[in-house]
Amino acid sequence: MKKEKNNSRKQRLGWIDYARGIAIILVVYKHAVVGFLSSKVEIHHFLFDFQEMIYNLRMPLFFMLSGVFIERSLQRRGFSEFLKYKANSIIYPFFVWGIIQVLIQIVASNYTNSQKELSDILYLFYYPRLIDPFWFLYTLFAVVMAYAVLKSFVGMNKITLFALSLGLYFSSFYIKTDLFCINDILFYSVFLVTGILLSKLLLDEKSEGLLTSPKLLLILLPIVLAGQWYWYTHHKGLVWFTDLTGIDRFLFLPIAIVGAMLVLHISFLLDKKNTLPWLRRIGSYSLYIYVMHLIVTGTSRAILLKVFGESVATYSAIAVIILGVLVPILLYKITEKLHMDFLYEPPKWKLLKGKLTSAKQSKAN
């Protein structure tokens, strides 16, 4: 009975993977489309326009999702174990796959939009924005650990924490250095804290009725559509959020947060009906897709353009988006079969040492 209850609880939390699935597809979509534009290859304007309309939702959603379980994880593990856990699950793949991507870009320099040198690996330490999407993992680790320090050693309550994160958000419009991802840390902290604030509601079984209510969809949907239309009509082509001015600096917060809440609501609805299970499956592989997708989209774009030319570039772009999501999952499965776990998490040296010792002893006997 207890096992059944745990399985039910695990299934109920499938919404988080639905939300991650939506978020990672949006990330791959954006980078695939921009990859064609950077190559000066014309694709149907709708592909670009759609990504412009939802451009402001992707990364705030990821940070909010990352904040949902932080408080529980910190309480359960304690600061030292929490630090180790986050270093292993965020910083380790950040360095491994950042290095792999730079090396691949060097080898395939004639076919990529980004020219790299071996010395660029050093940027991973202090300027990750120059290593394409890896700034997110660097920023996420910094923001998560800042929260852990403030919670564990300062005892900062959630209201004060949110007020501080708001201050950091508005300061990001004036402190724009990308050194050590300072600008990103300032800008995105408020979304991680928002995820922490929402965690009690999202993780409480008593809230399930509210979170799966069709009435909530009717409330959120028109607000989000209005917000996204405002964003699209006023900020199409905007690259850096911190270039926003005036009232739009204030409006960005509710537009992004309410948009992310709609995604969360849709995720709860999908999980309740067990609809589109493939989307939940994709979400469960979101980290692996994130660290590999740019390699896959760049490679597949070069191959498809070479084989089919630019006349069918729109169809090639759609194919690249699909491949950018599915191929990393396939590659992960292959490396898993080959026991190449060291690509995603630090080797368990003590266990490995024990196995080597046992092997030597068996050989000696």
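Everything numeric here is computed off the predicted structure, so don't read it as measured data.

Trainee: Report on the packing of aromatic side chains, specifying residues and quantitative values.
Mentor: Under the defined criterion, the tally for this structure stands at 40 aromatic pairs. Ring geometry for Phe94 versus Phe95: centroids 4.9 Å apart, planes at 70°, classification edge-to-face. With relative accessibility at 0%, the residue Phe94 sits in the buried group. Here the aromatic rings of Tyr288 and Tyr344 are separated by 5.0 Å at their centres, their planes lie at 75°, and the arrangement is edge-to-face. Taken together, the residues span a long stretch of sequence, with Tyr288 in helix α14 (residues 286-308) and Tyr344 in the loop between α15 (313-337) and α16 (349-364) at a distance of 56 residues. On the accessibility criterion, Tyr288 (19% relative accessible area) is buried. A cation over an aromatic ring shows up here: Arg129 above the ring of Trp135, its NZ or CZ 4.0 Å from the ring centre. The ring of Tyr174 has Arg249 lying over it, and the distance from NZ or CZ to the ring centre is 5.2 Å.

Trainee: So what's going on with the pattern of salt bridges? Which residues, and what values?
Mentor: Evaluation of the coordinates by the stated rule reveals 7 salt bridges. For Lys158, the salt bridge identified is with Glu71, shortest N-O distance 3.0 Å. Remark: Glu71 occurs in helix α5 (residues 70-107) and Lys158 occurs in helix α8 (residues 158-171); sequence separation between them is 87 residues. Overall, the relative accessible area of 27% leaves Lys158 in the partly exposed class. Residue Glu71 is classed as buried on the basis of its relative accessible area of 14%. Linking Lys176 and Asp243 is a salt bridge whose minimum nitrogen-to-oxygen distance equals 3.2 Å. One end of the pair, Lys176, is in the loop between α8 and α9 (182-203); the other, Asp243, is in the loop between α11 (214-235) and α12 (248-273), with 67 residues separating them in the sequence. Accessibility expressed as a relative area gives 40% for Asp243, which makes it partly exposed.

Trainee: For the layout of surface pockets, give the residues involved together with the corresponding values.
Mentor: Here the largest pocket is characterised by a volume of approximately 1400 Å³. Looking at the largest pocket, it is lined by 40 residues, and the ones nearest its centre are Arg20, Tyr85, Lys86, Ser89 and Leu287. Elements represented by at least two residues in the lining of the largest pocket include exactly α2 (15-38), α4 (58-67), α5, α7 (135-154), α13 (277-284) and α14. With 11 residues, the top contributor of residues to the lining of the largest pocket is α5. For the lining of the largest pocket, the per-class residue count stands at 19 nonpolar, 8 polar and 13 charged. Looking at the second largest pocket, its volume works out to about 1100 Å³. Looking at the second largest pocket, it is lined by 42 residues, and the ones nearest its centre are Lys30, His31, Val34, Asp132 and Leu294. In terms of residue count, α14 provides more of the lining of the second largest pocket than any other element does, 8 residues in total.

Trainee: Pulling in residues and values, what's your account of the environment of Leu201?
Mentor: With respect to the helices and strands, the residue Leu201 is situated in helix α9. The exposure class of Leu201 is partly exposed, given its relative accessible area of 32%. Taking C-alpha positions, Leu201 is 31 Å from Glu345, a pair spaced 144 residues apart along the chain. In contact with Leu201, other than residues within four places in its own chain, are Ser207, Leu210 and Leu211.

Trainee: Let's hear about the nonpolar core: which residues, and what values?
Mentor: Membership of the largest hydrophobic core comes to 88 residues, with the highest contact counts inside it found for Trp15, Trp97, Phe136, Phe191 and Phe252. In this view, Trp97 contacts Phe134, Val291, Met292, Ile295, Leu343 and Tyr344; residues no more than four positions away in its chain are not counted. Counting residues in each nonpolar core, the second largest holds 13 residues, with Ala32, Val33, Ala317 and Ile321 among its members.

Trainee: Describe the confidence of the model for the chain, listing the residues and the values that go with them.
Mentor: Taken residue by residue, the chain gives an average pLDDT of 90. The fraction at 70 or more is 91%. The spread of mean pLDDT over the elements of the chain runs between helix α1 (residues 2-12), the lowest at 42, and α15, the highest at 97. For the stretch residues 1-12, pLDDT sits under 50, and the model shows 13 contacts to residues farther than four places along the chain or on other chains.

Trainee: Summarise unusual backbone geometry; cite the residues concerned and give the values.
Mentor: Located in the positive-phi region is Asp132, a residue other than glycine, with phi close to 50°. Residue position: Asp132 is located in the loop between α6 (123-126) and α7. With phi around 50°, Leu276 is a residue other than glycine that occupies positive phi space. Examined against the element boundaries, Leu276 turns out to sit in the loop between α12 and α13.

Cut-offs used in this document
- Residues numbered from 1 in each chain as written.
- Predicted model: local features only at pLDDT ≥ 70, side-chain atom pairs only at ≥ 80, totals over all residues.
- Heavy atoms only, no water.
- Phe/Tyr/Trp six-rings, centres within 6.5 Å; stacked < 30°, edge-to-face > 60°.
- Buried < 20%, exposed > 50% of the residue type's maximum accessible area, 1.4 Å probe, protein only.
- Helix = DSSP H or I, 4+ residues; strand = E, 2+ residues; numbered from the N terminus.
- Lys NZ or Arg CZ within 6 Å of the ring centre and 35° of its normal.
- Salt bridge = Lys/Arg side-chain N within 4 Å of Asp/Glu carboxyl O.
- 1 Å grid on protein atoms, 1.4 Å probe; cavity = no way out; pocket = protein on both sides within 12 Å on 5 of 7 lines; lining within 4 Å.
- Points joined across faces, edges and corners; volume = space filled by probe spheres on them.
- Nonpolar A, V, L, I, M, F, W, Y, C, P; charged D, E, K, R; others polar.
- Contact = heavy atoms within 4.5 Å.
- Core = buried A, V, L, I, M, F, W, Y, C linked by side-chain atoms within 4.5 Å.
- pLDDT = per-residue confidence, 0-100.

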